[in-house]
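Structural overview
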Amino acid sequence: MKSLYVKFVVITIGIMVFSSILAFIVSNAYYQQNLKPQNDQKITKIAHSIARYTADHPGTDLNEYLGNISDIGYQIYLVDHSGEESFFGSPFRDKSLSASTKESVLNGNDYHGILHFPQKTFVTGFFANELKNTIGVPLTHNGANYALFVRPDIKFLFNEMHLLFGWMLLITIILSIVIVLISTKYLVKPISKLTTATKSLSNGDFNVELEITRHDELGELSHSFLRMARRLEQMEDMRKEFISNISHDIQSPLSNIRAYTNLLENKSVSEEESGHYFSIINGEIRRLSTLTKQLLILASLDRNEDILKKRRYNVGQQIKELLRNYQWLVNEKNIMLSYTLPDVEINGDPSLLNTVWDNLLTNAIKYNQSGGSIDISVEEKGEMIEITFQDTGIGLSKTEMERIFDRFYRADTSRTRTTEGTGLGLSIVWTVVKLHEGQIKVNSKDHEGSAFIIELPKN
Ligand code: ADP
């Protein structure tokens, strides 16, 4: 596997090399098209003015004069009919030049070697230090004919300014390569960290730490990753807690049942005692049965697949029927029951919603005080229906209110343990209400009572 780091570095440097080559080719083409003819013309002019000077000043020493010209930055070649040649200025790398060219210039023609220097993609003719790459003009001095070939001395032209630019270019290239190497490391580092964190997460270690100081996409990704890790950890904790709660809630009635059946096996148990034991055993069986029923409902709600069997029906009527079933318990607990239950139609799952009312009503009875009261109302509010269960029971504190919808949560154990319960009822209520796209609110004051208000859409 090629690392992201290597890929990034190779691609960036590749881009740099590619663009430099492209830039060179473009500027070379520009030289060939535009600069070369201009350069040729300029040097032709200079060569002509040299020739004019020697023609006009027969008294000057030709060698000395050409030597001086070469000193200001030209390479010069002079040849006459007899073939005698002399060079001035720095030497040409390639001194070949055809005899016909020399002949033609001696006969009075100009030679445009710079303009006609062959084009090559990667070699700018401008730099070619060859005798062919010169301008040739005829020259006369003291009656003698010569051929003069001139080109600017490139080495001479590369003065301080050019060197400065050259160095600048070189330093820029080296610096950019170094910076690419370093910055890529910085860019790629968080990804390596994330990979390590992912590995430890997949090994079941949720305690991953990522130092995040970045505010870019990678920082965002790391944040999301951490959120995901925390969420997974929470879910794992919930799963463990759930199993331990269930095991406990199943185990304790079972051991009670075993203890009391052992007692019943004893022949000396009186009839009164055995009646008492049987009622305890029955109570525990009831508890187990409620627990498994609630677990089954929760499991099916969790599966979430088209569980709702909705139809239009009368909720007021439904709650009235439920009240009739619990009338005996209300009487037994000496509780005052009042209600406002008009005929209101709702589109919902009658069986699941019945479970909701059942749980809220039994809670209002269970957690009430003797001589307390319960008020139940159904009210239409535009597109919504509001159903309220109000009691004058033990109430809930603020911290308890935040947790009552959690699975297995039972508030303040000293008060609750004396009443039967699993801590699953309200989680079922919450899930069913959410499935119906409704809301649930709790208003409660410790020791004064609670109100559970449910809002459901009519359709
Ligand atoms: P349980 O089986 O314990 O009743 P629930 O999920 O129905 O479980 O309720 C969770 C907890 O919320 C209860 O244990 C109780 O402490 C608290 N609670 C529920 N309803 C009321 C109420 N009407 N008044 C006071 N506390 C309540």
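Everything quoted here is computed from the prediction, not taken from an experiment. (Residues numbered from 1 in each chain as written. Predicted model: local features only at pLDDT ≥ 70, side-chain atom pairs only at ≥ 80, totals over all residues. Heavy atoms only, no water.)

A separate point is the layout of surface pockets. Taken as a whole, the largest pocket encloses approximately 1200 Å³ of empty space. Elements with a contribution of two residues or more to the lining of the largest pocket: α7 (271-303), α8 (315-332), α9 (350-366), β10 (384-391), α11 (413-416), α12 (425-435) and β12 (449-457). Looking at which element gives the most residues to the lining of the largest pocket, the answer is α9, with ten residues. Classifying every residue of the lining of the largest pocket gives 18 nonpolar, 16 polar and ten charged. Looking at the lining of the largest pocket, you find at least three residues from each of domain 2 (190-307) and domain 3 (308-457). Its boundaries defined by the atoms lining it, the second largest pocket holds a volume of some 450 Å³. Around the second largest pocket sit 16 residues that line it, and Met238, Phe405, Asp406, Arg407 and Ser427 are the ones nearest its centre. (1 Å grid on protein atoms, 1.4 Å probe; cavity = no way out; pocket = protein on both sides within 12 Å on 5 of 7 lines; lining within 4 Å. Points joined across faces, edges and corners; volume = space filled by probe spheres on them. Helix = DSSP H or I, 4+ residues; strand = E, 2+ residues; numbered from the N terminus. Nonpolar A, V, L, I, M, F, W, Y, C, P; charged D, E, K, R; others polar. Domains from an automatic or database assignment.)

The next point concerns a nonpolar patch on the surface. A cluster of nonpolar residues, Leu163, Trp167, Leu170, Ile171, Ile174, Leu175, Val178, Ile179, Leu181 and Ile182, forms a patch on the protein surface that exposes about 960 Å² of accessible area. Tracing the backbone through its elements, the reader meets Leu170 in helix α5 (residues 160-202). Note on Leu170: relative accessible area 41%, which makes it partly exposed. (Patch = residues over 30% accessible without salt bridge, like charges linked within 9 Å, V, L, I, M, F, W, Y side chains within 5 Å. Areas by Shrake-Rupley, 256 points an atom, 1.4 Å probe, with all protein chains shown as cover. Salt bridge = Lys/Arg side-chain N within 4 Å of Asp/Glu carboxyl O. Buried < 20%, exposed > 50% of the residue type's maximum accessible area, 1.4 Å probe, protein only.)

Applying the stated criterion across every chain yields a total of eleven salt bridges. Across the salt bridge formed by Arg93 and Glu130, the nearest N and O atoms sit 3.1 Å from each other. Within this pair, whereas Arg93 is found in the loop between β2 (85-88) and α3 (99-106), its partner Glu130 is found in the loop between β3 (111-112) and β4 (135-141), the two being separated by 37 residues in sequence. The class of Glu130 is buried, set by a relative accessible area of 13%. Look at the salt bridges and you will find they share partners, linking Arg93, Asp94, Glu130 and Lys132 into a network.

As judged from the five bridges shared by strand β7 (residues 336-340) and strand β9 (residues 373-381), these two strands associate in the parallel manner. Note on β9: the bridge partner recorded for Leu337 is Ile374. Note that β9 and β10 share eight bridges and pair antiparallel. Considered in β10, the bridge of Glu379 is made with Glu386. Taking the residues between adjacent antiparallel strands as the criterion, β9 and β10 are bridged by two residues, where Gly382 takes a positive phi near 60 degrees. (Pairing = 2+ DSSP bridges.)

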